[in-house]
Amino acid sequence: MSGYLTTGAWGSGVATYSSSGVLLDAWFDRLGLDEPESGSELAASRDELRGVDIKPIEVRVASLEQAPADAADAYLRLHLLSTRHIRPHQANLDGIFGLLSNNAWTDLGPVAAENLDAVRLTARRKGHRLRVESVDKFPRMTDYVMPSGVRIADASRVRLGAHLAEGTTVMHEGFVNFNAGTLGNSMVEGRIAGGVVVGDGSDIGGGASIMGTLSGGGKEVVSIGERCLLGANAGIGISLGDDCVVAAGCYVTAGSKVTLPDGEIVKARELSGVDNLMFWQNSVTGVLEAKQRTGSWGSLNAALHKN
């Protein structure tokens, strides 16, 4: 059984089309679930410098359980995630990469990647030096959605479709992919890969990494529970339950052999999702060990999350 919502969704806004009619992006000033409200009042226009047309757009989705039908549908679902109308994994995003165009994201807006050199030349002739932020299928979240109560030190490291709960801080080296993010106060100094969800009160330390499911054939959705600490340069390929700690520099993949206090050796996947565990690499033997833990690792600094 999937966790997809069967409810419908709607959005009204504007979309950017290339000279060949390809939808480059869509921005929704009005959106929601279930029955639609009145449409957007935004008007059509032509951007001669980029060679694009900007047109009003209306998107209606019968059920979020169905895969997105086109790029406009995909952009609506990404907006629903970043505006917190839905949480990660509540909308079907199957096939989204094939629906989105690969764009040059510039200070003037999206440009079809194959047209970038021509647009750069046109901009130069008009006295503007074009700045290219990235070439990607996904834009920065903050160019489309700015959720309340969050801090993002480097906006380029949070993709549209990320879900950031109120009280989340993403530091300069933190990264949050689409269909992933936080569910409460969290410090993000490492990488939250696609599909990963981090619970309230958890800290993803500097350089830490959480394995996602976008590449490599992985099927298990990795999550981190509440009040967890993933230490600096640590990493996980299994889920953590509540109140867990992974020591700095310790990487725990699903197939890692873990020694328990009684000497039993198990694969880490057998400990996935278990509460109150401490993982660390024994500095003398080099063995990956785990034990039950009690108490707090220190918790988040409350002052840092009053955003």
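Residues numbered from 1 in each chain as written. Predicted model: local features only at pLDDT ≥ 70, side-chain atom pairs only at ≥ 80, totals over all residues. Heavy atoms only, no water.

In the annotation of an unreviewed UniProt entry, the entry for the chain reads 2,3,4,5-tetrahydropyridine-2,6-dicarboxylate N-succinyltransferase, and the organism field reads Stackebrandtia nassauensis. Taken verbatim from the UniProt record of the chain, the Subunit (unreviewed entry) comment is "Homotrimer." Among the UniProt annotations of the chain, the heading Function (unreviewed entry) holds the following wording: "Catalyzes the conversion of the cyclic tetrahydrodipicolinate (THDP) into the acyclic N-succinyl-L-2-amino-6-oxopimelate using succinyl-CoA." (UniProt positions renumbered as here; feature names shortened; annotations may be inferred.)

Peer 1: I'd like a description of the overall build of the chain, backed by residues and values.
Peer 2: Assigned secondary structure in the chain consists of 3 helices and 25 strands. In terms of C-alpha radius of gyration, the chain reaches 22 Å, essentially the compact-globule figure of 19 Å for 307 residues. Taken over the C-alpha atoms alone, the chain extends approximately 70 × 45 × 40 Å along its principal axes. Across the 307 residues that make up the chain, the buried fraction comes to 49%. Restricting to contacts in the chain with at least 6 residues of sequence separation, those with at least 24 account for 49%. For the chain, the accessible surface area stands at approximately 14000 Å², while carbon and sulfur atoms represent 48% of it. Side-chain charges in the chain split into 28 positive and 35 negative, and the spacing between the mean points of these groups amounts to 6 Å. (Helix = DSSP H or I, 4+ residues; strand = E, 2+ residues; numbered from the N terminus. Rg over C-alpha atoms; globule rule 2.2 N^0.38 Å. Buried < 20%, exposed > 50% of the residue type's maximum accessible area, 1.4 Å probe, protein only. Contact = heavy atoms within 4.5 Å. Areas by Shrake-Rupley, 256 points an atom, 1.4 Å probe, with all protein chains shown as cover. Lys, Arg positive; Asp, Glu negative; His and termini not counted. Charge placed at Lys NZ, Arg CZ, Asp CG, Glu CD.)

Peer 1: I'd like a description of the nonpolar core, backed by residues and values.
Peer 2: In terms of nonpolar packing, the biggest core is built from 68 residues, with Ile-210, Ile-224, Leu-230, Val-246, Val-258 and Phe-279 touching the most fellow members. The leading source of residues in this core is helix α1 (residues 71-82), at 8 residues. If sequence neighbours within four positions are ignored, Ile-210 has contacts with Arg-191, Ile-192, Ala-193, Val-196, Val-198, Ile-204, Val-222, Ile-224, Leu-230 and Ile-236. Ranked by size, the runner-up nonpolar core spans 7 residues in total, among them Leu-49, Val-111, Leu-116 and Ala-123. (Core = buried A, V, L, I, M, F, W, Y, C linked by side-chain atoms within 4.5 Å.)

Peer 1: Outline the UniProt feature "binding site: Mg(2+)" (unreviewed entry) in the chain, listing residues and values.
Peer 2: The residues that UniProt annotates with the feature "binding site: Mg(2+)" (unreviewed entry) are Glu-173. Look past the residues within four positions of Glu-173 in its chain and what remains in contact with it is Arg-157, Glu-189 and Gly-190.

Peer 1: Describe helix α3 (residues 116-125), with residues and values.
Peer 2: What α3 keeps buried is the set Leu-116, Val-119 and Ala-123. Seen from one end, α3 has its buried residues packed into an arc of 65 degrees, which puts them on one side. In α3, those exposed residues whose orientation departs by more than 90 degrees from the buried face are Asp-117 and Arg-125. Lining the buried residues of α3 we find β5 (103-106), β6 (109-112) and β7 (132-136). (Arc of directions from axis to C-beta.)

Peer 1: Requested: an account of the side chain of Thr-16, with residues and values cited.
Peer 2: Within the secondary structure, Thr-16 is located in strand β1 (residues 9-17). Judged by its relative accessible area of 7%, Thr-16 is buried. Side chain to side chain, Thr-16 and Asp-25 meet in a polar contact 2.6 Å long. When neighbours within four sequence positions are excluded, Thr-16 is seen to be in contact with Val-22, Leu-23, Leu-24, Asp-25, Arg-50, Val-52, Asp-53, Ile-54 and Pro-110. (Polar contact = N/O pair within 3.5 Å; in protein donor to acceptor, adjacent residues only side chain to side chain.)

Peer 1: Could you give an account of the packing of aromatic side chains, with specific residues and numbers?
Peer 2: Per the counting criterion, the structure on display carries 4 aromatic pairs. When the centroid spacing of 5.7 Å and the interplanar angle of 70 degrees are considered together, the rings of Phe-97 and Phe-138 count as edge-to-face. A residue pair is termed long-range when its members are at least 10 positions apart, and Phe-97 in helix α2 (residues 96-99) and Phe-138 in the loop between β7 and β8 (151-152) qualify at 41 residues. (Phe/Tyr/Trp six-rings, centres within 6.5 Å; stacked < 30°, edge-to-face > 60°.)

Peer 1: Talk me through the UniProt feature "binding site: succinyl-CoA" (unreviewed entry) in the chain; I want residue IDs and the actual numbers.
Peer 2: Mapped onto this numbering, the UniProt entry gives "binding site: succinyl-CoA" (unreviewed entry) at Arg-191, Gly-206, Ser-209, Ala-232, Gly-255 and Lys-267. Of the residues just listed, which span 77 residues, the most distant C-alpha pair is 26.1 Å apart, and they do not cluster in one region. Relative to the helices and strands, Ala-232 resides in the loop between β18 (229-230) and β19 (235-236). Look past the residues within four positions of Ala-232 in its chain and what remains in contact with it is Gly-205, Gly-206, Ala-248 and Gly-249. Here Lys-267 lies in strand β23 (residues 265-267). Exposure remark for Lys-267: the relative accessible area of 37% places this residue in the partly exposed category. Look past the residues within four positions of Lys-267 in its chain and what remains in contact with it is Ala-254, Gly-255, Ser-256 and Lys-257.

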